[in-house]
Amino acid sequence: MSLIKKIKDYYKERKSLLFTTPSHSQGNFISPEAKAILGQKYFKADFSEIEGFDNLRCPKSSIKGVLDKISQIYDSKASFMLINGSSSGVIASMLSILREGDKVLIARNCHISVYNALVLTGAKPVWFYPKLNKEWGIYKGVEASDIEEKIKHDTDIKALVITSPTYEGIFSDVQAISNICKKHDVKLIVDEAHGALLNFGAFNSKPAIKSGADVSIQSLHKTAGAINPAALLHISKTSDIEPQTLQNSLNLINTSSPSYPLMADIEATVDFLSSKSGKKHIEKLLEDIEIFKKSLPDTVKIFSQNNDPTKILLQFLNNNAQDIAEILNNKYKIEEEYSTDNALLFITGIGTDSKKLSKLSAAINKISKELLTSSQNISGLNTAYDLPVKIKYTPRKAYQTTKVSIKKSQACDKVCGEIIMKYPPGVPLLLPGELITQEHIKYIDKNEIEII
Ligand SMILES: Cc1ncc(COP(=O)(O)O)c(C=O)c1O
């Protein structure tokens, strides 16, 4: 059973008079401004749980049909549509595995949703930093030997959370890491938010659930062409996590009014990705990216260290990458995903075609001809950090504790009450409950650090 078919058939077959939510009555009323940007069709697909449309909390018919199809395509034990992004998948998977006080090993370059899950579960984080790539100012992949050492040292760790590929496309060796996790009875959650194309193309890494992870979470909206915040969660066939446990966790945090257009788009996106034309589309994307990379001048260095090629990370020799970003933005109206002093990141995906890449290439070639030197020394600036973490309160206790504002000059040896991070890399320098040291204050003074 297909949700897309159900929505289409509604207008052909039944068309009951619906005295249900949503109150726009399938587009009977749309505010003019919303209509101008969204059109009418979106509203015509916007239903609630009317007869035959199933219920995301306990799928039995059309939604169940879509989930079974997705599970078959991804070869999972069970798959779930995430109607609140990978964020909700990360939280639900941690809620399913961890109890209050449980220890969880977490790579510090994780998404903020992992921290949110720590507040909700009451679990105790054991943080570690993947090694730094100082030349590029980014984190490397997680090393299996580091994980083994940490798990041996802390024998009551229940789960490990890693991000692979990272924001910049760096893969970890999930197979080697999962072998260690299995040996020590540690559940492995892989945040694969940036890896939604892995199942459908020739990448350097297999999808995480095919490499022994218990759970993986993929944002279809990031690279796979779906609308925000479409995502998927998969349980591996080799995992003993029960699908109903994950369903219960999702039911705890999901809205009771899931968007049917969003779910229909998830179905359509997976249908496309798994079709012959989807495969060809991804092949063509990877070819176009290769052609793009070859078209860049010698003064541009391309990051290529066993990473996801759809994340294009570039350095401009002798030039500060933020200067280049400014020129791209102002003169060429081209926006990058992010820039640091060291590098520029461009994210590509299903919607990136050769035309778009040619425009970027032309701009970069022109800039490189015009601007060969810069006053800034780029080495060692704005790199990702790895300052030691000292936990005073668990994230949940810190969240629930009353906070006071104090001057930064008085903050040394106090417990942090806010999330303090620099973006990029978007990795917390300090989290609520962690001890503020002189080193942190020095770092905050030297850099533009945000408190969120
Ligand atoms: C590594 C990683 N995990 C999870 C998320 C959350 O994804 P979503 O926006 O689909 O909730 C993000 C978002 O930026 C991310 O970068």
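Residues numbered from 1 in each chain as written. Predicted model: local features only at pLDDT ≥ 70, side-chain atom pairs only at ≥ 80, totals over all residues. Heavy atoms only, no water.

## Observations concerning the overall build of the protein
For step 1, the next point in the chain: Looking only at helices and strands, one finds 16 helices and 16 strands in the protein.
For step 2, the next point in the chain: For the protein, whose C-alpha radius of gyration is 23 Å, the value lies close to the compact-globule estimate of 22 Å for 452 residues.
For step 3, the next point in the chain: Expressed as a percentage of its 452 residues, the buried residues of the protein come to 56%.
For step 4, the next point in the chain: Contacts in the protein between residues at least 24 apart in sequence constitute 70% of all its contacts with a sequence separation of at least 6.
For step 5, the next point in the chain: Accessible surface, the protein as shown: approximately 21,400 Å² in total, 51% of it carbon and sulfur. (Helix = DSSP H or I, 4+ residues; strand = E, 2+ residues; numbered from the N terminus. Rg over C-alpha atoms; globule rule 2.2 N^0.38 Å. Buried < 20%, exposed > 50% of the residue type's maximum accessible area, 1.4 Å probe, protein only. Contact = heavy atoms within 4.5 Å. Areas by Shrake-Rupley, 256 points an atom, 1.4 Å probe, with all protein chains shown as cover.)

## Things to note about helix H12 (residues 276–294)
For step 1, the next point in the chain: Over its 19 residues, H12 extends 27 Å from the first C-alpha to the last, a length consistent with the 27 Å expected when each residue adds 1.5 Å.
For step 2, the next point in the chain: Buried residues of H12: Gly 278, Ile 282, Leu 285, Leu 286, Asp 288, Ile 289, Phe 292 and Lys 293, and no others. Along H12, the residues classed as buried sweep out an arc of 160° about the axis, all on the same side. For H12, the exposed residues set more than 90 degrees away from the buried face come down to Lys 276, Lys 280, Ile 291 and Lys 294.
For step 3, the next point in the chain: At its buried positions, H12 is contacted by helix H11 (260–273), strand E10 (300–302), strand E11 (311–316) and helix H14 (354–370). (Expected span 1.5 Å × (residues − 1). Arc of directions from axis to C-beta.)

## Description of the packing of aromatic side chains
For step 1, the next point in the chain: For the structure shown, the criterion picks out 14 aromatic pairs.
For step 2, the next point in the chain: Arranged with centres 6.4 Å apart and planes meeting at 20°, the rings of Tyr 129 and Tyr 139 form a pair that is stacked. Note that Tyr 129 is positioned in the loop between strand E3 (124–128) and strand E4 (132–133) and Tyr 139 in strand E5 (residues 138–139), a separation of ten residues in sequence. Of the two residues examined, Tyr 129 and Tyr 139, each falls in the buried class. (Phe/Tyr/Trp six-rings, centres within 6.5 Å; stacked < 30°, edge-to-face > 60°.)

## Thoughts on the site of the ligand
For step 1, the next point in the chain: In the neighbourhood of the ligand, the contacting residues comprise Gly 85, Ser 86, Ser 87, His 111, Thr 163, Asp 191, Ala 193, His 194, Ser 219, His 221 and Lys 222.
For step 2, the next point in the chain: Contact between the ligand and Ser 86: an oxygen atom at 2.8 Å from a main-chain N or O atom of the residue.
For step 3, the next point in the chain: A distance of 2.5 Å is found between a nitrogen atom of the ligand and a side-chain nitrogen or oxygen belonging to Asp 191.
For step 4, the next point in the chain: Calculation on the ligand without its partners gives an accessible area of 390 Å², and the protein chains cover 81% of this total.
For step 5, the next point in the chain: The set of elements that each furnish at least two residues to the shell around the ligand consists of helix H5 (85–97) and helix H9 (220–223).
For step 6, the next point in the chain: Here the element with the most residues in the shell around the ligand is H5; it accounts for three residues.
For step 7, the next point in the chain: Its residues assigned to classes, the shell around the ligand shows one nonpolar, eight polar and two charged. (Near = heavy atom within 4 Å. Polar contact = N/O pair within 3.5 Å; in protein donor to acceptor, adjacent residues only side chain to side chain. Nonpolar A, V, L, I, M, F, W, Y, C, P; charged D, E, K, R; others polar.)

## Some thoughts on the sheet that holds strand E12 (residues 338–339)
For step 1, the next point in the chain: Within the open sheet, the four strands sit side by side as E10-E11-E13-E12. Their pairing is antiparallel. The open sheet has two edge strands, E10 and E12, and neither has a second partner.
For step 2, the next point in the chain: Pairing analysis gives four bridges linking E11 to strand E13 (residues 344–347), with the strands arranged antiparallel. From the neighbouring strand, Leu 314 faces E13, where its bridge partner is Leu 344.
For step 3, the next point in the chain: Each of E11, E12 and E13 is contacted by helix H13 (residues 321–332), which is oriented at about 50° to E13, the strand it contacts most. (Pairing = 2+ DSSP bridges. Axes fitted to C-alpha atoms, helices over the stretch in contact; angles between N-to-C directions.)

## A word on the domain arrangement of the protein
For step 1, the next point in the chain: Considered domain by domain, the protein is made up of domain 1 (55–273), domain 2 (276–370) and domain 3 (395–451).
For step 2, the next point in the chain: Using C-alpha coordinates to define each centre, domain 1 is positioned 27 Å away from domain 3.
For step 3, the next point in the chain: On the domain 3 side, the residues contacting the 17 residues of domain 1 number 15 residues.
For step 4, the next point in the chain: On the domain 1 side of the interface with domain 3, the three residues burying the most area are Arg 108, Tyr 115 and Val 119, jointly 45% of the side's total.
For step 5, the next point in the chain: On the surface where domain 1 and domain 3 come into contact, there are two salt bridges.
For step 6, the next point in the chain: Run the count over domain 1 and domain 3 and you get eight residue pairs in polar contact (both at pLDDT 80 or more).
For step 7, the next point in the chain: Of all the secondary-structure elements, those providing two or more residues to the side of domain 1 that touches domain 3 are helix H6 (112–121) and E3. (Domains from an automatic or database assignment. Buried area = accessible area lost by both parts, 1.4 Å probe. Salt bridge = Lys/Arg side-chain N within 4 Å of Asp/Glu carboxyl O.)

## Details of the sheet that holds strand E1 (residues 78–82)
Across a sheet, paired strands are connected by hydrogen bonds in the backbone, their directions being either parallel or antiparallel.
For step 1, the next point in the chain: Spatial ordering of the open sheet is given by E1-E9-E8-E7-E6-E2-E3, a layout of seven strands whose pairing is mixed. Of all the strands in the sheet, just E1 and E3 have a single pairing partner and so form its edges. For this sheet the average axis-to-axis angle between neighbouring strands, irrespective of direction, equals 20°.
For step 2, the next point in the chain: With five bridges joining them, strand E8 (residues 215–219) and strand E9 (residues 231–235) adopt antiparallel strand pairing. Paired with Gln 218 across the strands is Leu 232, a residue of E9.

## Overview of the state of the cysteines
For step 1, the next point in the chain: Per the stated rule, a full pass over the model turns up zero disulfides.
For step 2, the next point in the chain: Free cysteine Cys 110: the closest other cysteine sulfur is in Cys 416, separated by 15 Å.
For step 3, the next point in the chain: Among the cysteines around Cys 416, which has no disulfide bond, Cys 412 carries the closest sulfur, lying 13 Å off.
For step 4, the next point in the chain: Since its relative accessible area comes to 5%, Cys 416 is described here as buried. (Disulfide = S-S within 2.5 Å.)

## Here we look at H11
For step 1, the next point in the chain: Over its 14 residues, H11 extends 20 Å from the first C-alpha to the last, a length consistent with the 20 Å expected when each residue adds 1.5 Å.
For step 2, the next point in the chain: With eleven of 14 residues buried, H11 is to be regarded as a mostly interior element.
For step 3, the next point in the chain: All of the buried residues along H11 are Tyr 260, Pro 261, Leu 262, Met 263, Ala 264, Asp 265, Ile 266, Glu 267, Thr 269, Val 270 and Leu 273.
For step 4, the next point in the chain: Its side-chain oxygen 3.0 Å from the backbone nitrogen of Leu 262, Ser 259 forms the N-cap of H11.

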